[in-house]
Amino acid sequence: MTTLEKAKHIAYIKALDDHKDFIEYWMSEHLRMNGLYWGITALFLLKHESEFQKDDVIQFIQSCYDETHGGFGSFPKHDSHLLSTLSALQILKMYDILDDTLTSEQRLSTVRFIKSLQLPDGSFQGDRFGEVDTRFVYTAIQSLSILEELDQGIVDGAVGFILRCQNFDGGFGMVPGAESHAAQCFTCLGTLAICGALDKMDQDQTELLVDWLSERQVISGEFSGGLNGRPEKLPDVCYSWWVLSCLSILKKLDFIDGEKLKGFILKSQDLKSGGISDRPDNQVDVYHTLFGIAGLSLLGYEDLVPVDPVYCMPCFVTNTIKKYPY
Amino acid sequence: MKESKLYSDKSLFRTGQLLNLNPELYTIWNFRRDILTNFKFKQIPDTDPLKKTAALHKLIISELQFVQAKLSQYPKCYWIWDHRRWCLLNDSQSDWKHELDLISMFFQADSRNFHAWQYRRFIIQCYKDSLSSEDARIQVDWDEFKFTTKMINKDISNYSAWHNRSKLIEKLFIGSSVLKDDNDVYLQVFNAKDKLKFLRKELDLIKTAFYTDPDDSSVWIYLKWLFGDYYIKDLPKNESRKLLEDTIKDIDELNELETEDNGFDNQWCLKSDLFLLKSLLKLLPKDDSSESWKERVDTICDKLIQLDPMRKNKYREHKLQIATES
């Protein structure tokens with residue numbers, strides 16, 4: 001079997017930030033903060049986090065702070081959003097510079113920003129314009145967990161909302177009524193796990209969910225062994241994270257074939273220039289690079305830092321977060 | 001422009017240019033909404049309420065045309081779908097029927113696009129909210145139910161349609177109003193709240209579907225739901241038992257044909273048998289013929305371990321469960 005080309009992936013991630021002249025760089029402003037989180041987390045799992053200059057990272061994050069609303073945008077002068085706020089907090093937490101970087105005023109207004117986005121039904125909107133999605137419930141809850149600012153009102157509302165998103169097949173969707181999707185299963189299970197509420201799921205429903213998740217591993221075709229996100233869809237490396245993290249949270253990692261999945265992820269590497277793509281022979285990107293490596297970490301691939309399936313950060317980092325209920 | 005809150009036609013034009021380059025720029029969508037709210041909407045004279053509504057509607061229509069052009073290019077971009085939702089919620093004269101036609105166009109390109117499906121549920125909800133009588137609202141759900149039948153008949157592998165069907169069935173069983181349509185069996189079943197009759201009818205559809213493509217997982221996952229608590233707990237035990245036994249027989253017949261053709265068992269037949277047998281065992285009194293059923297479960301697990309080795313640990317756990325229960 002091919003091995004994980006660690007050195008090439010490190011070089012690939014490092015080079016991403018050197019391409020400031022390219023049009024693609026400016027075209028991806030909207031997810032730069034997420035991109036930074038994907039790259040840095042991958043480096044942490046590869047034990048090479050020092051490849052990025054910590055000071056540059058702090059400076060960038062500070063420049064993305066939204067003075068008007070609190071929270072962080074994806075790029076300087078962009079509006080704050082829950083998605084980029086979580087990524088910023090995760091990066092600071094991983095480098096253990098959260099308290100040194102945020103002033104008490106910034107911390108306070110970030111907490112206020114996140115809490116203000118919870119709606120009466122317990123869900124969260126991503127920003128003031130009202131888009132609701134279980135992704136935002138997760139990002140809000142994890143952000144507050146990192147800041148150790150969860151409280152019963154917020155948690156009960158979020159848990160209630162998440163449980164309403166569970167479907168006939170045991171899976172979870174974006175909002176109540178929406179089709180089950182593996183990434184949404186992750187955001188919902190992750191939220192329940194952070195809130196200490198996994199036992200709130202009905203047991204028969206949990207059994208259906210486990211079954212649904214394990215059926216994501218595709219048997220036939222050229223991508224055999226890979227995981228898909230919904231029934232009858234093609235496998236994609238990112239589901240190595242979304243599905244696997246769920247199975248790990250539910251303690252059923254052995255319900256799929258880890259070796260076959262490793263093979264699929266490793267085949268999706270660019271052996272020449274580094275990086276991992278969604279499927280073998282496609283264009284690589286930093287998103288799939290992280291989720292491929294994180295998947296391998298959950299599978300116990302040699303010499304990778306163990307990743308926390310709930311937070312998608314190294315376990316040694318999440319061990320330092322005070323867990324709810326406080 | 002954004003920083004100085006310069007809300008003008010020129011700013012609006014500029015946001016359009018930027019979004020043409022990159023529709024993922026969520027901050028620009030935000031700015032565009034701010035311009036519309038704080039500038040364009042306010043330009044409309046307040047004098048005549050009717051004229052004001054009409055002018056606003058006209059403005060939103062032109063915005064929707066811009067959104068539609070973007071969506072056709074990027075049918076999976078969250079921000080664009082969200083902007084369309086925002087537009088419709090700001091217009092008291094939104095044309096819901098027009099939106100449904102638009103969605104059908106997206107389904108022609110990709111009948112599993114979960115953005116389009118979610119948007120459809122949103123539109124249906126808005127449309128229902130605009131109706132004054134409960135009778136009219138439930139009629140909309142009934143039409144949606146028929147729409148899922150249509151989509152499934154077109155392609156039984158459309159899991160998104162099966163999912164939506166499950167949601168609509170729950171609504172139709174709750175609804176207190178009487179549905180009116182031609183002499184439709186489903187309609188009579190919903191009016192009578194007769195879950196047993198519904199199951200008999202639905203199982204006919206399932207049977208056609210699994211004979212059409214026995215390797216398609218969508219139908220099999222849906223089948224499990226039909227034998228879950230939602231139905232079973234409302235049926236007399238003997239009826240549930242008979243339905244389960246009949247369905248197992250049907251699946252076994254299909255599996256025999258499949259085995260003749262291919263030389264080996266059909267996995268989905270076995271997986272479904274396993275689920276149904278376990279449900280049956282829950283219904284049977286302990287002293288009944290349950291031992292022979294248990295042996296069948298055990299044999300099926302052994303076969304599945306051979307046929308579907310990626311999930312062998314799951315089947316081993318089933319074996320263990322059955323063994324410890326006896």
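Numbering of residues begins from 1 in every chain and follows the order in which that chain's sequence is written. Lettering for chains starts from A, numbering for ligands starts from 1, and both go in the order in which the items are written. Totals for whole chains, interfaces and linings use every residue, but because this is a predicted model, local features are given only for residues with pLDDT of at least 70 and side-chain atom pairs only at 80 or more, for both listing and counting. Based on all heavy atoms of the structure, the side-chain values leave hydrogens and waters out of the count.

An unreviewed UniProt entry lists chain A under the name Geranylgeranyl transferase type-2 subunit beta, with Ambrosiozyma monospora given as the organism. On record in UniProt, under Catalytic activity (unreviewed entry), the comment for chain A is "geranylgeranyl diphosphate + L-cysteinyl-[protein] = S-geranylgeranyl-L-cysteinyl-[protein] + diphosphate". UniProt positions are given in the numbering used here, feature names are shortened, and annotations may be inferred rather than shown by experiment.

## Quick word on the overall build of chain B
A run of H or I in DSSP counts as a helix once it spans at least four residues, and a run of E counts as a strand once it spans at least two, with each numbered from the N terminus. Looking only at helices and strands, one finds 16 helices and zero strands in chain B. Based on C-alpha atoms, the radius of gyration is set beside the globule rule, defined as 2.2 Å times the residue count to the power 0.38. Its C-alpha radius of gyration of 26 Å places chain B more than 25% over the 20 Å reference for a compact globule of 326 residues. Note on classification: 1.4 Å probe, protein chains only; a residue is buried when its accessible area is under 20% of the maximum for its type, exposed when over 50%, partly exposed between these limits. When each of the 326 residues of chain B is scored for burial, the buried share is 53%. Two residues qualify as a contact provided that any one of their heavy atoms is within 4.5 Å of a heavy atom in the partner residue. Of the contacts formed within chain B by residues at least 6 apart in sequence, a portion of 62% connects residues at least 24 apart. None of His or the chain ends enter the tally, which takes Lys and Arg as positive and Asp and Glu as negative. Taken as the charge centre is NZ of Lys, CZ of Arg, CG of Asp or CD of Glu, depending on the residue. Charge separation in chain B, taken as the distance between the mean sites of 52 positive and 53 negative side-chain charges, equals 7 Å.

## Regarding the packing of aromatic side chains
Residues and elements named next belong to chain B. Here the aromatic set is Phe, Tyr and Trp, taking the six-membered ring for Trp, and pairing holds for ring centres within 6.5 Å; pairs whose planes are under 30 degrees apart are stacked, those over 60 apart are edge-to-face, and all others are tilted. Enumeration over the complete set of coordinates arrives at 42 aromatic pairs over all chains. Summarising the aromatic geometry, the rings of Phe173 and Phe190 are spaced 5.2 Å apart at their centres and angled 75° between planes, so their arrangement reads as edge-to-face. With Phe173 in helix H8 (residues 159-174) and Phe190 in helix H9 (residues 185-192), the pair connects residues that are 17 residues apart, well separated along the chain. Here Phe173 and Phe190 have matching classes, each one buried. Residue placement shows Lys195 over the ring face of Phe173; its charged tip is 5.8 Å from the ring centre. To sit over a ring, a charge needs its Lys NZ or Arg CZ within 6 Å of the ring centre and within 35 degrees of the ring normal. Positioned above the aromatic ring of Tyr231 is the side chain of Lys195, whose terminal nitrogen or guanidinium carbon lies 5.8 Å from the ring centre.

## A short note on the interface of chain A and chain B
Many authors give the size of an interface as the accessible area that is lost as the parts come together. Counting from both sides, the interface comprises 50 residues of chain A and, opposite them, 47 residues of chain B. By buried area we mean how much accessible surface two parts lose on assembly, using a 1.4 Å probe and totalling the loss over both. Per-residue buried area on chain A facing chain B is highest for Phe129, Phe168 and Glu179 of chain A; these three make up 18% of the total on that side. The working definition used for a salt bridge is a side-chain nitrogen of Lys or Arg within 4 Å of a carboxyl oxygen of Asp or Glu. There are nine salt bridges connecting chain A and chain B. Among the salt bridges present, the one from Arg112 of chain B reaches Glu179 of chain A, with a minimum N-O distance of 3.1 Å. Between N or O atoms, a polar contact is any pair within 3.5 Å; within protein, one atom must be a potential hydrogen donor and the other a potential acceptor, and residues adjacent in sequence are included only when both atoms are from side chains. Our enumeration of links across chain A and chain B arrives at 25 residue pairs in polar contact (both at pLDDT 80 or more). Counting only elements with at least two residues in the side of chain A that touches chain B, the list comes to helix H5 (82-94) and helix H11 (203-214) of chain A. If you tally residues by element for the side of chain A that touches chain B, the top one is H11 of chain A, at six residues.

## Re the pattern of salt bridges
A complete count under the given rule lists 43 salt bridges over all chains for this structure. Linking Asp250 of chain B and Lys207 of chain B is a salt bridge whose minimum nitrogen-to-oxygen distance equals 3.4 Å. Residue Asp250 of chain B is located in helix H13 (residues 237-262), and its partner Lys207 of chain B is located in helix H10 (residues 195-212); the two are separated by 43 residues in the primary sequence. Three or more residues joined by partner-sharing salt bridges are found here, namely Asp211 and Glu215 of chain A together with Lys224, Lys271, Asp308, Arg311 and Lys314 of chain B.

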